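Inside the fold
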Amino acid sequence: MDLGVNIDHIATIRQARGTNYPSVLDAAVLAEKAGADSITLHLREDRRHMQDKDLYELKPLLKTKMNLELAPVNEMLKIALDVLPEDVCLVPERREEKTTEGGLDLIKNFSNIKNISDELSNAGVRVSLFIAPEIDQIDKAIEMKVPIIELHTGNYADFKGEEKDKELIKIQHATQYARKAGILVNAGHGLHYENVQNIAKINGIHELNIGHAIVAKALFVGWENAVIEMKEIINEFAKS
């Protein structure tokens with residue numbers, strides 16, 4: 001199981017003071033050296049953390065691949081078609097949210113998301129859709145003919161007790177359903193060092209995208225060590 005390291009919150013710290021440090025370029029390079037299989041970053045419409053120039057500077061430096069998260073809007077489509085990352089993950093976005101909350105509504109916004117997905121695919125970019133672990137949403141992703149979905153694990157991360165167990169089962173079933181349809185399955189949101197184990201055990205998940213927890217851990221153990229520890233946990237439980 002691959003680990004995609006999200007470096008957004010390295011940029012959050014940088015933007016808090018408007019400095020040029022900590023460097024998102026250094027963070028990406030060191031994460032790769034520590035075992036990251038891809039580098040994930042979200043260029044938000046309000047530019048609260050990543051900036052446009054970060055994409056252009058990072059792209060030629062990466063040895064793995066760039067997974068660029070974007071809202072499905074024309075402004076972001078134009079940037080993605082210029083940068084041409086290996087992967088683009090289309091995500092919902094609201095200005096007032098602290099972080100991405102929930103998945104895309106592929107039923108309500110089918111035409112718009114499909115048009116943007118098709119344009120990216122035609123340019124050679126691999127598209128994934130960030131969605132809830134719901135069968136009706138997966139059916140729409142199948143209809144759009146996207147190669148990848150990323151299942152939202154935020155509810156699993158937030159719930160407790162029986163609710164958490166039920167959400168885990170939903171993620172398991174959604175993964176199996178999508179894999180039978182030939183879609184690659186990634187997952188992420190709210191995963192950390194104490195809750196990632198059960199998600200890592202799910203057969204069929206290709207990649208976990210994790211950022212905030214790794215950045216927080218790095219304050220105490222160092223950036224590379226934080227990446228290494230998360231990778232070791234995933235490897236241990238993905239094989240169990």
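An account of the accompanying structure is given in this report. What you see is a predicted model, and the numbers here were worked out from it, not measured in a lab. (Residues numbered from 1 in each chain as written. Predicted model: local features only at pLDDT ≥ 70, side-chain atom pairs only at ≥ 80, totals over all residues. Heavy atoms only, no water.)

**Topic: the overall build of the protein chain**
Broken down by element type, the protein chain carries eleven helices and eight strands. Taken against the 2.2 N^0.38 rule, which gives 18 Å for 240 residues, the C-alpha radius of gyration of the protein chain at 17 Å falls within 12% of a compact globule. Expressed as a percentage of its 240 residues, the buried residues of the protein chain come to 49%. Once local pairs closer than 6 in sequence are excluded, the contacts in the protein chain between residues at least 24 apart make up 67%. Carbon and sulfur atoms provide 49% of the accessible area of the protein chain, an area that totals close to 11,200 Å². Each charge class in the protein chain was averaged separately, 29 positive and 38 negative side chains, and the resulting centres sit 0 Å apart. (Helix = DSSP H or I, 4+ residues; strand = E, 2+ residues; numbered from the N terminus. Rg over C-alpha atoms; globule rule 2.2 N^0.38 Å. Buried < 20%, exposed > 50% of the residue type's maximum accessible area, 1.4 Å probe, protein only. Contact = heavy atoms within 4.5 Å. Areas by Shrake-Rupley, 256 points an atom, 1.4 Å probe, with all protein chains shown as cover. Lys, Arg positive; Asp, Glu negative; His and termini not counted. Charge placed at Lys NZ, Arg CZ, Asp CG, Glu CD.)

**Things to note about the sheet that holds strand 8 (residues 205-210)**
Judged by pairing direction, the barrel is parallel, and its eight strands sit side by side in the order 1-2-3-4-5-6-7-8 before closing back on the first. Within this sheet the neighbouring strands show an average axis-to-axis angle of 25 degrees, counted without direction. Pairing geometry for strand 3 (residues 66-70) and strand 4 (residues 87-90), over four bridges, is parallel. The partner of Leu70 across the bridge, within strand 4, is Leu90. (Pairing = 2+ DSSP bridges. Axes fitted to C-alpha atoms, helices over the stretch in contact; angles between N-to-C directions.)

**Side note on the packing of aromatic side chains**
Tallying each qualifying case throughout the model produces zero aromatic pairs. Across the ring face of Tyr156, the terminal group of Lys164 is positioned such that the distance to the ring centre comes to 4.4 Å. Lying across the ring of Tyr193, Lys217 places its NZ or CZ 5.1 Å from the centre. (Phe/Tyr/Trp six-rings, centres within 6.5 Å; stacked < 30°, edge-to-face > 60°. Lys NZ or Arg CZ within 6 Å of the ring centre and 35° of its normal.)

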